[in-house]
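Residue-level structural notes
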Amino acid sequence: MSDLDSYQINDRYTRDEGRVFVTGVQALARIPLQQLRADRSQGRNTAAFLSGYPGSPLAGLNFEIDKARSLAPELPIVHRPVLNEEHGATAVMGSQLAAGQPDCAYDGIVGLWYGKAPGLDRAGDALRHAVFTGTSRHGGAVAIVGDDPAAKSSTLPSSSDATLVDLHMPILYPGDVKEVLTLGMHAVALSRITGAWTALKVVAAVADGSGTVDLSSSVVLPKVPDLTIDGVPYLHQPDAKLLPPNNLHLERDLRTSRAELVRRYVVANELNPTTVNPPDAWIGIISSGFTYHELIHALNALGLKSQHEIASAGIRLLHLQLPIPFDPQNIRNFANGLEEIIVVEEKNPTAEWLVKDALYGNSHQPRVLGKNHPDGRILMPSHGILDANTMLEGLHERLSQKIPDKLRPPQKPEEIKNLLPLKVQRSPYFCSGCPHNISTKVPDDSLIGAGIGCHTMVLLMDDDRVGDIAGVTAMGNEGMQWIGMEPFVDRKHFIQNIGDGTYFHSGQLTIPSAVSAGSNITFKLLYNGTIAMTGGQDPKGVLSVPDVAKVMIAQGVAKIIVTTEEPALYKEAS
Ligand code: SF4
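Rules used throughout
Residues numbered from 1 in each chain as written. Predicted model: local features only at pLDDT ≥ 70, side-chain atom pairs only at ≥ 80, totals over all residues. Heavy atoms only, no water. Helix = DSSP H or I, 4+ residues; strand = E, 2+ residues; numbered from the N terminus. Rg over C-alpha atoms; globule rule 2.2 N^0.38 Å. Buried < 20%, exposed > 50% of the residue type's maximum accessible area, 1.4 Å probe, protein only. Contact = heavy atoms within 4.5 Å. Areas by Shrake-Rupley, 256 points an atom, 1.4 Å probe, with all protein chains shown as cover. Lys, Arg positive; Asp, Glu negative; His and termini not counted. Charge placed at Lys NZ, Arg CZ, Asp CG, Glu CD. Pairing = 2+ DSSP bridges. Right-handed = clockwise from strand over helix to strand, strands pointing away. Phe/Tyr/Trp six-rings, centres within 6.5 Å; stacked < 30°, edge-to-face > 60°. Lys NZ or Arg CZ within 6 Å of the ring centre and 35° of its normal. Salt bridge = Lys/Arg side-chain N within 4 Å of Asp/Glu carboxyl O. Axes fitted to C-alpha atoms, helices over the stretch in contact; angles between N-to-C directions. Parallel < 35°, antiparallel > 145°, perpendicular 65-115°, else oblique. Left-handed = near helix turned anticlockwise from the far one by under 90°. Core = buried A, V, L, I, M, F, W, Y, C linked by side-chain atoms within 4.5 Å. Patch = residues over 30% accessible without salt bridge, like charges linked within 9 Å, V, L, I, M, F, W, Y side chains within 5 Å. 1 Å grid on protein atoms, 1.4 Å probe; cavity = no way out; pocket = protein on both sides within 12 Å on 5 of 7 lines; lining within 4 Å. Points joined across faces, edges and corners; volume = space filled by probe spheres on them. Nonpolar A, V, L, I, M, F, W, Y, C, P; charged D, E, K, R; others polar. Domains from an automatic or database assignment.

What about the overall build of the protein?
From N to C terminus, the protein includes 23 helices and 19 strands. Relative to its length of 574 residues, the protein is compact, with a C-alpha radius of gyration of 26 Å against a globular reference of 25 Å. Taken over the C-alpha atoms alone, the protein extends approximately 80 × 65 × 65 Å along its principal axes. Split into buried and exposed, the 574 residues of the protein put 51% on the buried side. When contacts within the protein are restricted to residue pairs at least 6 apart in sequence, long-range pairs at least 24 apart make up 75% of them. With the model as given, the accessible surface of the protein reaches about 26400 Å², and the carbon-plus-sulfur share is 54%. For the protein, the distance from the average position of its 50 positive side-chain charges to the average position of its 62 negative side-chain charges is 2 Å.

Right, here's the structure in full:
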């Protein structure tokens, strides 16, 4: 019987060798299993702790984690979904403090936090406290951040790099499912060795993507760099006593010792390799993660179909698997002999600035381009998704300076995708039977706040049916825009939709805020017991409808109406 004939769907979590088929989200769920198995093979008694809040592109991660755990009952993996992202971040911070307690049963706990980019934003303060506190030597803490650069399933397009830089988290950026596993294990090892939290940036194309992984090449045996700082071996002890002068000592430690050890780890493990390196290179291209893989597709589309053809065109390539922070000397070595460097990265020119900084004052300074051509025209857009199609024209123009005869003209994206024109248009709509179908009907001239989740579809519907939609806010701030609008407009009332998932995540605080501001808002809370848009998980910290009503009464809400098809359910409570 062949390997394929005996393959079972659960092998993706139970196998330690051979090949498995995984999606990006399943590869993320495999990380704690793979790490704990590797620890046991080295005689370490470790555990894993996961917490956070899912949401596309990490939708379904919570279910996959639970499935993976159930298939490996011999491994101590604890998964505690909580109300929202900041509570999850603080819980993972606790997993690092646990290892220092005298009654801790494990050598260390691998802490994994997960959330999408807006969750990273809202958990910023909690994560900053966790970062200062740091990680334990046999534990480690990793923030898995889902980026949605094209806003496929988010209110805003996102790229978390700048936020992670500000949080002092080294960023590991996988470009496919195999790299999710290898860089996931590096993220844990880097965190353990340096005492720093690390981040695994997972874009939608990688989370939603899938592939076959040879497990023998996915297990990482990290090289430990020299850990000597100021003449003594460095060992970070997680410390949450965050008041002066201790917090200032921790800041110094974070910005000096831990940052230096991160640099040494990147160098020792060659995480940012030069992948194509012809001796006569005239141009260098630097890219990372998913964007690096798209860069290769773009070069292929321009007629450079193999590493050999890329090299013979005089192109040097640098693959940043850990784009921030990188080793400046690596960039100086890469720049040797080049006339020009192009930094291909989505959204912000973060790596472009760091490359320029690394080369400033160097004896050899090639021209460094990223977002713009030398004359200021856009070279690589900083908005939307930066895929192979989007980078074709810019790459073609820069490479044509020297090798026009080796290049194919860039095809227009429409020609490549060959989209068929549609004769009909279909707007997304609520499921049949969904209470939104009725609850979104409003009196004439109503001003409405859209709620995060399925209710945002009202933005695509006729005003006649759903009212004048004032837009949508960040999750957990529903209705708060009216507090700033109300004093300046004639209308005296605002209707705000909010789902129970959002309400229990953070939106419940908007009610006492509205009361304290004296704002005239009708909140329409859709209570259906599920968080539909982020994969269908149950909301956490749920109260019954009568208990929600009791809380609202205590908060000073003027009038509460329960609408239901089964009034008998609530008669006694009323
Ligand atoms: S809330 Fe549930 S039933 Fe309603 S539209 Fe969303 S997924 Fe469908």
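Overview of the pairing of strand β14 (residues 340-344)
Note on strand geometry: in a regular strand, side chains alternate between the two faces of the sheet. Of all 5 residues that make up β14, 5 are buried, and the element is covered over most of its length. Taking every second residue as pointing to the same face, both faces of β14 are buried, with Glu340, Ile342 and Val344 on one and Ile341 and Val343 on the other. Pairing geometry for strand β12 (residues 283-288) and β14, over 5 bridges, is parallel. By the bridge assignment for β14, Ser287 is matched with Val344. With helix α14 (residues 350-359) bridging β14 and its parallel neighbour strand β15 (residues 367-369), the resulting β-α-β unit is right-handed.

Considering the packing of aromatic side chains
Tallied over the entire structure, the rule returns 3 aromatic pairs. Seen from their ring centres, Tyr429 and Phe430 are 5.6 Å apart, and the 55° between their planes marks the pair as tilted. Relative accessible area serves as the criterion here: at 39%, Tyr429 is assigned to the partly exposed category. By relative accessible area, Phe430 is classed as buried at 6%. Here Tyr503 and Phe504 contribute two aromatic rings whose centre-to-centre distance is 5.0 Å and whose plane-to-plane angle is 85°, an arrangement assigned as edge-to-face. Above the plane of the ring of Tyr173 lies Lys201, whose end atom (NZ or CZ) is 5.0 Å from the centre.

Describing the pattern of salt bridges
Pairing between side chains of opposite charge can happen when the charged atoms of each approach one another. Applying the stated criterion across every chain, the model contains 26 salt bridges. Between Arg255 and Glu251 there is a salt bridge, with its nearest N and O atoms 3.3 Å apart. In this pair, Arg255 and Glu251 both sit in helix α10 (residues 246-268), 4 residues apart, roughly one turn of the helix. A salt bridge links Glu352 to Lys356; the shortest N-O distance between them is 2.9 Å. Taken together, the positions of Glu352 and Lys356, both in helix α14 and 4 residues apart, correspond to about one turn of that helix. Residue classification places Glu352 among the buried positions, given a relative accessible area of 7%. Through salt bridges with shared partners, a single ionic network connects Asp147, Asp161, Lys201 and Glu346.

With respect to the packing of helix α2 (residues 24-41) against helix α3 (residues 61-70)
Where α2 contacts α3, the axes come no closer than 9 Å and their chain directions differ by 40°. With respect to α3, the axis of α2 lies oblique. The handedness of the crossing between α2 and α3 is right-handed. Across the interface between the two elements, Val25, Gln26, Leu28, Ala29 and Leu33 from α2 touch Leu61, Glu64, Ile65 and Ala68 from α3.

Points about unusual backbone geometry
Looking along the chain, the bond that leaves Pro244 and enters Pro245 is cis, with omega of 0°. Across the junction of Ile324 and Pro325, the peptide omega takes the value -5°, indicating a cis bond. As for its placement among the helices and strands, Pro325 is situated in the loop between β13 (315-320) and α13 (328-335). Of note, His168 is a non-glycine position whose phi angle comes to about 60°, a positive value.

Re the nonpolar core
Note on soluble globular proteins: their nonpolar side chains tend to be buried together. Ranked by size, the top nonpolar core spans 53 residues in total, and within it Leu28, Leu61, Ile144, Leu172 and Leu200 carry the most contacts. At 9 residues, helix α8 (residues 177-194) tops the list of elements feeding residues into this core. Setting aside its immediate chain neighbours within four residues, Leu28 contacts Leu58, Leu61, Ile144, Val180, Leu200 and Val202.

Concerning a nonpolar patch on the surface
On the surface, Leu459, Leu460 and Val472 cluster together into a nonpolar patch covering about 240 Å² of accessible area. Along the polypeptide, Leu460 turns up in the loop between β16 (447-450) and α18 (463-466).

What to know about the sheet that holds strand β11 (residues 274-276)
Read across the sheet, 5 strands follow the order β11-β13-β12-β14-β15 without closing on themselves; strand pairing throughout is mixed. Strand pairing shows two members of the sheet lacking a second neighbour, β11 and β15, which therefore form its edges. When strand polarity is set aside, the average angle formed by the axes of neighbouring strands in this sheet is 25°. Along the sheet, helix α15 (residues 388-399) contacts β12, β13, β14 and β15; its crossing angle with β14, the most-contacted strand, is approximately 175°.

Some points on the layout of surface pockets
Taken as a whole, the largest pocket encloses approximately 1400 Å³ of empty space. If you trace the largest pocket, you find 39 residues lining it, with Phe523, Lys524, Leu525, Ile561 and Thr563 closest to the centre. Those elements that place two or more of their residues in the lining of the largest pocket are α17 (436-439), α21 (510-517), β19 (521-526), α22 (545-555) and α23 (568-571). Per element, the largest residue contribution to the lining of the largest pocket is 6 residues, and it comes from β19. When the residues that make up the lining of the largest pocket are grouped by side-chain class, the tally is 22 nonpolar, 12 polar and 5 charged.

As for empty space enclosed by the protein
Under the definition given, this model contains 4 cavities of 30 Å³ or more. Space inside the largest cavity adds up to approximately 80 Å³. Every residue along the wall of the largest cavity is listed here: Ser159, Asp161, Tyr173, Ser288, Thr291, Pro323, Ile324, Glu345, Glu346, Asn348, Thr350 and Ala351. Across the lining of the largest cavity, the residue classes tally to 4 nonpolar, 5 polar and 3 charged. Residue contributions to the lining of the largest cavity reach at least three from each of two domains, namely domain 1 (11-268) and domain 2 (274-417). Its boundaries defined by the atoms lining it, the second largest cavity holds a volume of some 50 Å³.

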